[in-house]
Amino acid sequence: MMISWMKIVWNTTKVFFAFSICTLVFYFGLLWINQEYENYHRYDEPKGKAVKVFNLSSDKDSNAVKRLFYFYQTGE
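Residues numbered from 1 in each chain as written. Predicted model: local features only at pLDDT ≥ 70, side-chain atom pairs only at ≥ 80, totals over all residues. Heavy atoms only, no water.

This next bit is on the overall build of the chain. Helices and strands together make up the secondary structure of the chain, namely two helices and zero strands. The 76 residues of the chain split such that 0% are buried. Accessible surface computed for the chain: about 8,500 Å², of which carbon and sulfur atoms make up 66%. (Helix = DSSP H or I, 4+ residues; strand = E, 2+ residues; numbered from the N terminus. Buried < 20%, exposed > 50% of the residue type's maximum accessible area, 1.4 Å probe, protein only. Areas by Shrake-Rupley, 256 points an atom, 1.4 Å probe, with all protein chains shown as cover.)

In the numbering used here, UniProt assigns the feature "transmembrane region" (unreviewed entry) to residues 15–33. Between the end C-alpha atoms of residues 15–33 the distance is 27 Å, and the span holds 100% helix and 0% strand. (UniProt positions renumbered as here; feature names shortened; annotations may be inferred.)

It is worth spelling out a nonpolar patch on the surface at this point. Taken together, Leu24, Tyr27, Phe28 and Leu31 make up a surface patch of nonpolar side chains, about 420 Å² in accessible area. For Leu24, the position within the fold is in helix H1 (residues 2–38). (Patch = residues over 30% accessible without salt bridge, like charges linked within 9 Å, V, L, I, M, F, W, Y side chains within 5 Å. Salt bridge = Lys/Arg side-chain N within 4 Å of Asp/Glu carboxyl O.)

Following this line, the structure appears as structure tokens:
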């Protein structure tokens, strides 16, 4: 009777420590990834021979209904 109780306590302790270690590794991994992307400036001016690829169209016949239909059709 005593051996099975000690075995349960030992197995529970092992699971607790394994869970704690995995949680800490995951937490510090998230901190590391956050720190890496914190200094990443996505909206800086491009360097080199960059070309602007987005152009707003000023068509008179493109109205909101056509754009909405296009959105539903293509999902963009």
